[in-house]
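# Structural overview
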Amino acid sequence: MTLTQPFVTEVDFASGVFSPRRGVYQRRLSDMIGMVADPEAAARILESEGDRLIYEVHTVELPVEEGQIPHCTTRILPGTIGGECHMTKGHYHARREQGEVYFGLSGRGLLLLQTAEGETSELEMTAGSAAYVPPYWAHRTVNIGAEDFVFFSVWEARAGHDYGTIERDGFRKLVVLRDGEAVVVDNPKYA
Ligand code: M6P
Ligand code: ZN
């Protein structure tokens, strides 16, 4: 056990930017090829306009040990890939019994959840929404607005991210833009 010093971070609600800056990482179109419903559409966009930014995460850096509570902001840019709204990769926790809390800071989003047994849930999030991701639910966030969707997340350090299961099977539900409206549809390719 290391004794971590207390600290405070200022969070910009519109952008999710942390002051002081701590850890930041970005996910671009090329990182999402294995996650989107239409990888050919993603490849065409890559070819024609380059590697667009899909989302960015500002995070604190804490040791991965019992009792530590990592937290971060995620900013998902508006836009679509082959009609599918910009989203995070989505993951199960490697330790399935760990939950998580999301808090909406700006914009409009949809939180997609699913269990290995086939249950699904979709929760709308705006500024001020506190959403609970219970243990055993995979989770992915989607920007369904015309502005950035920004939210704050808090979880237990040892939860871990399992991306492989989502990469292999996909999500049961997709969020697509139809006549300017985000709609949730069944994923025809769900394994
Ligand atoms: C949320 C949290 C983070 C996660 C981030 C991006 O802020 O769930 O743990 O890393 O979203 O989502 P993903 O890891 O699925 O790309
Ligand atoms: Zn999580």
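Read on for an overview of the structure. (Residues numbered from 1 in each chain as written. Chains lettered and ligands numbered in written order. Predicted model: local features only at pLDDT ≥ 70, side-chain atom pairs only at ≥ 80, totals over all residues. Heavy atoms only, no water.)

For the rest of this paragraph, the subject is unusual backbone geometry. Geometrically, the link from Ser19 to Pro20 is a cis peptide bond, its omega value of -5° lying close to zero. Not every positive phi belongs to a glycine, and Tyr136 is a case in point at roughly 80°. Here Asp179, not a glycine, exhibits a phi torsion of approximately 50°, which is positive. Tracing the sequence through the fold places Asp179 in the loop between strand 16 (173-178) and strand 17 (181-186). (Helix = DSSP H or I, 4+ residues; strand = E, 2+ residues; numbered from the N terminus.)

In an ideal tetrahedron of four donors about a metal, each angle is 109.5 degrees. In an ideal octahedron of six donors, the angles are 90 or 180 degrees. At 2.0 to 2.2 Å from the zinc ion (ligand 2) lie its protein donor atoms, namely His91 (NE2), His93 (NE2), Glu100 (OE) and His139 (NE2). Seen from the zinc ion (ligand 2), its 4 donor atoms lie at angles of 86 to 157°, and the figure they make is irregular. Site description for the zinc ion (ligand 2): donor spacing in sequence, H-x1-H-x6-E-x38-H. Residue His93 is found in strand 8 (residues 92-93), and its partner His139 is found in strand 13 (residues 138-143); the two are separated by 46 residues along the sequence. (Donors = N, O, S within 2.8 Å, 3.2 Å for Na, K, Ca; no water. Tetrahedral: all angles 85-135°; square planar, octahedral: opposite > 155°, others 65-115°.)

Pairing within the open sheet is antiparallel, and its 6 strands lie in the order 3-4-5-14-9-12. Looking at the sheet topology across the chains shown, the edges are occupied by strand 3 (23-28) and strand 12 (130-133). Averaged over all neighbouring strand pairs, the angle between strand axes comes to 20°, with direction disregarded. Pairing of strand 5 (residues 71-76) with strand 14 (residues 149-155), which is carried by 6 bridges, proceeds in the antiparallel orientation. Among the inter-strand pairings, His71 is bridged to a residue of strand 14, identified as Val154. (Pairing = 2+ DSSP bridges. Axes fitted to C-alpha atoms, helices over the stretch in contact; angles between N-to-C directions.)

Another aspect to go through is the site of ligand 1. Neighbouring residues of ligand 1: 15 residues in total, closest Tyr55, Thr74, Glu100, Ser153 and Tyr163. With respect to ligand 1, the side chain of Thr74 contributes an N or O atom lying 2.7 Å from an oxygen atom. Between ligand 1 and His161, the relevant distance is 2.8 Å, taken from an oxygen atom to a side-chain nitrogen or oxygen of the residue. About the coverage of ligand 1: the protein hides 98% of its 370 Å² of free accessible area. In terms of residue count, the dominant contributor to the shell around ligand 1 is strand 14 (3 residues). Looking at the shell around ligand 1, its residues break down into 7 nonpolar, 6 polar and 2 charged. (Near = heavy atom within 4 Å. Polar contact = N/O pair within 3.5 Å; in protein donor to acceptor, adjacent residues only side chain to side chain. Areas by Shrake-Rupley, 256 points an atom, 1.4 Å probe, with all protein chains shown as cover. Nonpolar A, V, L, I, M, F, W, Y, C, P; charged D, E, K, R; others polar.)

As a further point, take the nonpolar core. Within the largest apolar cluster, 34 residues are counted, with the highest numbers of intra-cluster contacts made by Met32, Ile81, Tyr102, Leu111, Met125, Val142 and Val175. Those elements that provide at least two residues to this core are helix 1 (39-49), strand 4 (53-59), strand 5, strand 10 (109-114), strand 12, strand 13 and strand 14. When residues of this core are assigned to their parent elements, the largest contribution, 4 residues, is made by strand 10. Not counting chain neighbours up to four residues away, the residues in contact with Tyr102 comprise Leu111, Met125, Ser129, Ala130, Ala131, Val133, His139, Thr141, Phe151, Phe152 and Ser153. (Core = buried A, V, L, I, M, F, W, Y, C linked by side-chain atoms within 4.5 Å. Buried < 20%, exposed > 50% of the residue type's maximum accessible area, 1.4 Å probe, protein only. Contact = heavy atoms within 4.5 Å.)

To continue, consider the pattern of salt bridges. This structure, assessed with the given rule, holds 8 salt bridges. The partner of Glu56 in a salt bridge is Arg75, with the nearest N and O atoms 3.4 Å apart. Of this pair, Glu56 sits in strand 4 while Arg75 sits in strand 5, and the two are 19 residues apart along the sequence. One exposure class covers both Glu56 and Arg75, and it is buried. Residue Lys173 pairs with Asp186 through a salt bridge whose shortest N-O separation is 2.7 Å. Residue Lys173 is found in strand 16, and its partner Asp186 is found in strand 17; the two are separated by 13 residues along the sequence. A single network of salt bridges, built from pairs that share partners, joins Glu56, Arg75 and Asp148. (Salt bridge = Lys/Arg side-chain N within 4 Å of Asp/Glu carboxyl O.)

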